[in-house]
Amino acid sequence: MRSHVVAPSSVVTNSVQRIIAILGPTNTGKTHFAMERMLAHRSGMIGFPLRLLARENYDRAIRAAGSHAVALVTGEEKIIPPAARYFLCTAEAMPTDREVEFVAIDEVQLAADPERGYIFTDRMLHARGMRETMLIGAETVRPILKRLVPDVEITTRPRFSRLAYAGPKKITRLPARTATVAFSASEVYALAEVIRRKRGGAALVLGALSPRTRNAQIEMFQAGEVDYLVATDAIGMGLNMDVNHIAFTELTKFDGRMRRRLTPAEVGQIAGRAGRHMQDGTFGTTANAPEFDSELISAIETHTFDLLPFVFWRNRKLDFASVDSLIQSLALPPQSRDLVPAREAEDYRTLAVLAGQQGIRARLNEPAAVALLWECCQIPDFRKVMSEAHNSLVSRIFTDLTGDGARIAPAWIERQVARIDKTTGDIGALVGRIADIRTWTYVSYRSDWLDEPLRWQEQTRRIEDRLSDALHERLTERFVDKRSAVLVKRLRDKRELQVAILASGDLVVEGITIGTLNGFRFAPAPVKRGGDAWALRNAGWRALRPAIEERLAMLDGAKPKAIKLSPEGDLRWRGAVIGRLAKGQHLLTPGVRPLIGEGLDSTVRDRVAAKLDAWLMAYLPFRLGGIAGSGPEGLSGPARALMYQLGEAGGHLPRGKVRSLIDALSKPDRKALRAAGLRIGAQRIYYPELLLPQAQALLGLLWQVLHGQREIDLPAFGPAFPIVDEWPRELLHTCGYVIANDTAVRADRLEGLWMAVRKLPRGTTVIANPELAEAAGLEEGHLPAGLHALGYRPDPKSAGTYAKAARRRKKYKANRMKPDQHSPFAILRELTMSR
């Protein structure tokens, strides 16, 4: 671009050139108009205040003109195709030696910025297109622009939408699509943490982030993954986002030298980010920020601010004869009252320090060396926290470049870059590494400083991208509760939720696990308290309703074998507990208590209870036979009475207890009962199938439920076993056992022993020997207990011999027992009548 050096109070006149200024508040389409004007020319260049804006408009230009015709030029990145015609740049990186038809400078009011203002003043005065130059900015620059560039044609553009003050709001009351503004990284992080707890999460935009990280955060906000943005005042520099409300957390900032109050124009620039195109925007305060006064509100709403009294300036005609001459030329004062000397910029401070080092001065033996030193001093200090470290870095680079190889030592760069290439650590560590690698990215684009510039450009870019991606992940992990953010947005938009229930029972809504559905009980995933906790719960219940209805339909159609009764009395379906046995009126008529989560409709409980009741009514007769059902048809009264008593006793009784009922049975009754599985023995009446371990366990469970003693462990069922004190005798009887001494003997085994003893010859004694045990189906060790159950006691006259003990009660004398108490016949006859 052809450069023109002008006196501050004059302007270059050129009949071909046209200099126009497009002024107005935010959201007026000024930048969009400049892009259209550039693309209407055969070549053009625009300087932006931020690398992020340059990249955003670079992408737009590629879509319009093709990648072959568009270049990106920033301090850290240069993409310049051979046939490039359009250049999107940061203001500092504009290639001022390239001639193009169109040139535009965005946000020219930044000429009043104490840190960077002199750059924008220089571009405003000297950057010119061969055919058209466009200066874009706020109305506050109008008078000074007219004085410094008299031939400028000024056009004012009105704001597309209205901007209104909405007053103070609590953080929990901030509307969706709000950008909350703070003025330091620590304040941004603290505020983002509060918003995560209260509102589900926020995206972050601040100068410490790399452009890639900022883009990822902005995309997250734009995509609606979060409804809140926390930013520094960088948000005011033309970042295009769908923000409806701007909330200030304070109205003061540290400007690098002191803490000061924001000017109304600065507040207006930031507040103006609210509202996009024709969408109205609002602004206000939050946290501890004071309310706006009426004058400030009026100024922002009407876009009426104090005019700029001056702009910053630094001499661009530098003298490289010596380092002292260079410093003096940088310090030359301006010749206009509209211009004031710029503050000591970072490059100037670095130059002043290095110029005082004898080792550096010794290398400044010609103007080219002085110019090289000045170029090195312009390496940005992205960390901005350790000036000594940055000065040392610049000194080392200059020393290498003025050495024998005239290149930066490859081994040294390798060590520096390798030290940075780590994605571990917290947010602060990653931010620091990104700042370090951005420095080396900047250096890598000085192709005359390195042996392999392309290699280093690619390597530093890859490292910066990896670090940026890791930083985005850390920020998202720390400041975004994705479960809350996604679901809250869906709920507020009243959109249909995508719901899935995994095999594990996890309830997944919009890809986020919000809880676990165990049967018909829902356990929400832990949610920290906050303003959106209600929304998460609402999302869970909203998604749960159709899921519960689907499960109910599946349960209604489930086959009996799909429901299982556990040893603990739990009713399981598809691996989940949906009910539990409860105490009923009778051993064989327990109740069912459905296990339903809190908050579900009562109809869910009723439907589950009905299904389980029906299942249990079919299950118990299936497992316990006639005692749990209606029994055979056509039975007489005595037979039905016998069935009822058997049911109450668990399926077995001593014959003597129901002798009258047995005697009253007809032949058809006996046949029907026998067909139903009932065995009427000489000593016991029982169902053999109920003496199997599975049936015994079920009867034991039913007894536990009826008596409310679930804590008692059931025995390991077998023919006989020693009794433990904690087992109630009634429980063992229900499970089919007779208590003998301290041993429980199963009813069928006792009947077998009876039959074995009964077959012995008259007048013989009963001897506890293995043959008798085998005949009774008992282990030898349990045989004495079985005899004890039959009324036998050890005969003290003969070891191993058992005889019926004499009793003195009249009841037994009436049996006409013979004096010989060793007679098995007499013993069996007495036992039959007495038991």
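This is a predicted model, so every value here is computed, not measured.

**Quick word on the overall build of the protein**
Reasoning step 1: Within the protein one finds 29 helices and 35 strands.
Reasoning step 2: Counting over 835 residues, the protein shows a buried share of 52%.
Reasoning step 3: If you take every contact in the protein between residues at least 6 apart in sequence, the share linking residues at least 24 apart comes to 67%.
Reasoning step 4: Approximately 38500 Å² of the protein is accessible, and the part contributed by carbon and sulfur atoms is 51%.

**Thoughts on the packing of helix α12 (residues 367–377) against helix α13 (residues 387–401)**
Reasoning step 1: Relative to each other, α12 and α13 sit at 145°, their axes nearing to 9 Å. You can see that α12 and α13 cross each other, and the crossing is right-handed. Here Ala369, Leu372, Leu373, Cys376 and Cys377 of α12 lie close against α13, whose contacting residues are Val394, Ile397, Phe398 and Leu401.
Reasoning step 2: The class makeup of the residues in the contact of α12 with α13 is nine nonpolar, no polar and no charged.

**Side note on the environment of aspartate 506**
Reasoning step 1: On the secondary structure map, aspartate 506 appears in strand β20 (residues 506–509).
Reasoning step 2: With 18 residues separating them in the primary sequence, aspartate 506 and proline 524 have C-alpha atoms 9.7 Å apart.
Reasoning step 3: Among all residues touching aspartate 506, those that are not within four sequence positions of it are Ala500, Ile501, Thr513, Gly515 and Thr516.
Reasoning step 4: A polar contact of 3.1 Å, which involves the side chain of aspartate 506, links it to the side chain of threonine 516.

**Overview of the pattern of salt bridges**
Reasoning step 1: Overall, the coordinates contain 39 salt bridges when judged by the stated rule.
Reasoning step 2: When the shortest N-O distance is used, the salt bridge between glutamate 193 and arginine 197 registers 3.9 Å. One end of the pair is glutamate 193 and the other is arginine 197, both in helix α5 (residues 185–199) and four residues apart, which spans about a single turn.
Reasoning step 3: You can call arginine 197 partly exposed: its relative accessible area is 36%.

**Let's talk about the confidence of the model for the protein**
Reasoning step 1: Looking at the protein, pLDDT values average 84 and 84% of them are 70 or higher.
Reasoning step 2: This stretch, residues 1–15, has a pLDDT under 50; its non-local contacts, to residues over four places away or in other chains, come to 42 contacts.
Reasoning step 3: Low confidence marks residues 806–835, where pLDDT is under 50. Its contacts with residues over four positions away, or in another chain, come to 52 contacts.

**A few points about the sheet that holds strand β31 (residues 737–740)**
Reasoning step 1: Here three strands make up an open sheet; going across it, the order is β30-β32-β31 and the pairing antiparallel. Each edge of the sheet is formed by a strand with only one pairing partner; in this case those strands are β30 (720–722) and β31. Adjacent strand axes in the sheet meet at a mean angle of 25°, parallel and antiparallel pairs treated alike.
Reasoning step 2: Sheet analysis places β31 next to strand β32 (residues 743–746), joined by four bridges and oriented antiparallel. Of the residues in β32, the one forming a bridge with valine 738 is valine 745.

**Comments concerning a positive patch on the surface**
Reasoning step 1: A cluster of basic residues, Lys559, Lys561, Lys564 and Arg623, forms a positive patch on the protein surface.
Reasoning step 2: Among the secondary structure elements, lysine 561 is positioned in the loop between α18 (533–556) and β23 (563–565).
Reasoning step 3: For lysine 561, a relative accessible area of 62% puts it in the exposed group.

**What about the environment of serine 336?**
Reasoning step 1: Following the sequence through the fold, serine 336 ends up in the loop between α9 (323–330) and β18 (339–341).
Reasoning step 2: In the structure, serine 336 is positioned 23 residues away from tryptophan 313 in sequence and 9.9 Å away in space, judged by C-alpha atoms.
Reasoning step 3: Within the local environment of serine 336, its side chain forms a polar contact with the backbone nitrogen of aspartate 338, the two atoms lying 3.1 Å apart.

**A short note on the sheet that holds strand β28 (residues 679–680)**
Reasoning step 1: The three strands lie next to each other as β27-β29-β28, forming an open sheet whose pairing is antiparallel. The sheet terminates laterally at β27 (652–654) and β28, the two strands that pair on one side only.
Reasoning step 2: Across two bridges, the pairing between β28 and strand β29 (residues 684–686) is antiparallel. The partner of arginine 679 across the bridge, within β29, is tyrosine 686.

**Considerations on the packing of aromatic side chains**
Reasoning step 1: Throughout the structure, instances matching the rule amount to 12 aromatic pairs.
Reasoning step 2: Ring geometry for phenylalanine 283 against phenylalanine 292: centres 5.7 Å apart, planes inclined by 35°, an arrangement best described as tilted. For the pair phenylalanine 283 and phenylalanine 292, a shared accessibility class is recorded, and that class is buried.
Reasoning step 3: The interplanar angle of 65° and the centroid separation of 4.9 Å between the aromatic rings of phenylalanine 721 and tyrosine 737 together place this pair among those described as edge-to-face. On the criterion of sequence distance, the pair formed by phenylalanine 721 in strand β30 and tyrosine 737 in strand β31 is long-range, its members being 16 residues apart. Residue phenylalanine 721 shares its accessibility class with tyrosine 737, and that shared class is buried.
Reasoning step 4: Grouping aromatic residues by their ring pairs yields a cluster made of Tyr165, Phe248, Phe283 and Phe292.
Reasoning step 5: Between arginine 177 and the ring centre of phenylalanine 221, over which it is positioned, the NZ or CZ distance is 3.8 Å.
Reasoning step 6: Sitting over the ring of tryptophan 412, arginine 396 keeps its end group 4.4 Å from the ring centre.

**Some details on the nonpolar core**
Reasoning step 1: Membership of the largest hydrophobic core comes to 65 residues, with the highest contact counts inside it found for Phe520 and Leu624.
Reasoning step 2: For phenylalanine 520, the contacting residues outside a window of four places in its chain are Ile548, Arg551, Leu552, Leu555, Trp573, Ile578, Leu595, Ile596, Gly597, Leu600, Val604 and Val608.
Reasoning step 3: Counting residues in each nonpolar core, the second largest holds 60 residues, with Leu191, Val417, Val431 and Phe479 among its members.

**Comments concerning helix α15 (residues 427–444)**
Reasoning step 1: In a regular helix each residue adds 1.5 Å, so 18 residues correspond to 26 Å; α15 covers 25 Å between its end C-alpha atoms and thus fits that length.
Reasoning step 2: The N-cap residue of α15 is aspartate 426: its side-chain oxygen and the backbone nitrogen of glycine 428 are 3.3 Å apart.

**Notes on the packing of α5 against helix α16 (residues 453–479)**
Reasoning step 1: Put simply, α5 and α16 touch, their axes get as near as 9 Å, and they point 50° apart. Relative to α16, the element α5 lies oblique. Facing Tyr189, Ala192, Glu193 and Arg196 of α5, the residues of α16 in contact are Leu475, Arg478 and Phe479.
Reasoning step 2: Of the residues in the contact of α5 with α16, the class split is four nonpolar, no polar and three charged.

**A few points about helix α2 (residues 51–65)**
Since the α-helix turns once every 3.6 residues, residues separated by three or four places project in the same direction.
Reasoning step 1: In a regular helix each residue adds 1.5 Å, so 15 residues correspond to 21 Å; α2 covers 20 Å between its end C-alpha atoms and thus fits that length.
Reasoning step 2: Looking at α2, one finds that the buried residues are Arg51, Leu52, Leu53, Ala54, Asn57, Tyr58, Ala61 and Ala65.
Reasoning step 3: Following α2 by one or two positions, glycine 66 adopts a phi angle in the positive range, close to 95°.

**Details of the side chain of serine 161**
Reasoning step 1: Residue placement: serine 161 occurs in the loop between β8 (153–156) and β9 (163–168).
Reasoning step 2: For serine 161, a relative accessible area of 7% puts it in the buried group.
Reasoning step 3: Of note is the side chain of serine 161, whose polar atom sits 2.9 Å from the side chain of asparagine 27.
Reasoning step 4: Reaching out from serine 161, the side chain makes a polar contact with the backbone oxygen of glutamine 279 at a distance of 3.0 Å.
Reasoning step 5: If we ignore the near neighbours within four places in the chain, the residues touching serine 161 are Asn27, Gly275, His277, Met278, Gln279 and Asp280.

**Let's talk about the pairing of strand β6 (residues 102–105)**
Reasoning step 1: Burial along β6 is two-sided: the residues Phe102 and Ala104 and Val103 and Ile105 are all buried.
Reasoning step 2: Direction of pairing for strand β2 (residues 44–48) relative to β6: parallel, over a ladder of four bridges. Paired with methionine 45 across the bridge in β6 is valine 103.
Reasoning step 3: Where β6 and strand β7 (residues 132–137) come together, four bridges link them in parallel fashion. For valine 103, the partnering residue across the bridge sits in β7 and is threonine 133.

The rules behind these values
Residues numbered from 1 in each chain as written. Predicted model: local features only at pLDDT ≥ 70, side-chain atom pairs only at ≥ 80, totals over all residues. Heavy atoms only, no water. Helix = DSSP H or I, 4+ residues; strand = E, 2+ residues; numbered from the N terminus. Buried < 20%, exposed > 50% of the residue type's maximum accessible area, 1.4 Å probe, protein only. Contact = heavy atoms within 4.5 Å. Areas by Shrake-Rupley, 256 points an atom, 1.4 Å probe, with all protein chains shown as cover. Axes fitted to C-alpha atoms, helices over the stretch in contact; angles between N-to-C directions. Left-handed = near helix turned anticlockwise from the far one by under 90°. Nonpolar A, V, L, I, M, F, W, Y, C, P; charged D, E, K, R; others polar. Polar contact = N/O pair within 3.5 Å; in protein donor to acceptor, adjacent residues only side chain to side chain. Salt bridge = Lys/Arg side-chain N within 4 Å of Asp/Glu carboxyl O. pLDDT = per-residue confidence, 0-100. Pairing = 2+ DSSP bridges. Patch = residues over 30% accessible without salt bridge, like charges linked within 9 Å, V, L, I, M, F, W, Y side chains within 5 Å. Lys, Arg positive; Asp, Glu negative; His and termini not counted. Charge placed at Lys NZ, Arg CZ, Asp CG, Glu CD. Phe/Tyr/Trp six-rings, centres within 6.5 Å; stacked < 30°, edge-to-face > 60°. Lys NZ or Arg CZ within 6 Å of the ring centre and 35° of its normal. Core = buried A, V, L, I, M, F, W, Y, C linked by side-chain atoms within 4.5 Å. Expected span 1.5 Å × (residues − 1). Parallel < 35°, antiparallel > 145°, perpendicular 65-115°, else oblique.

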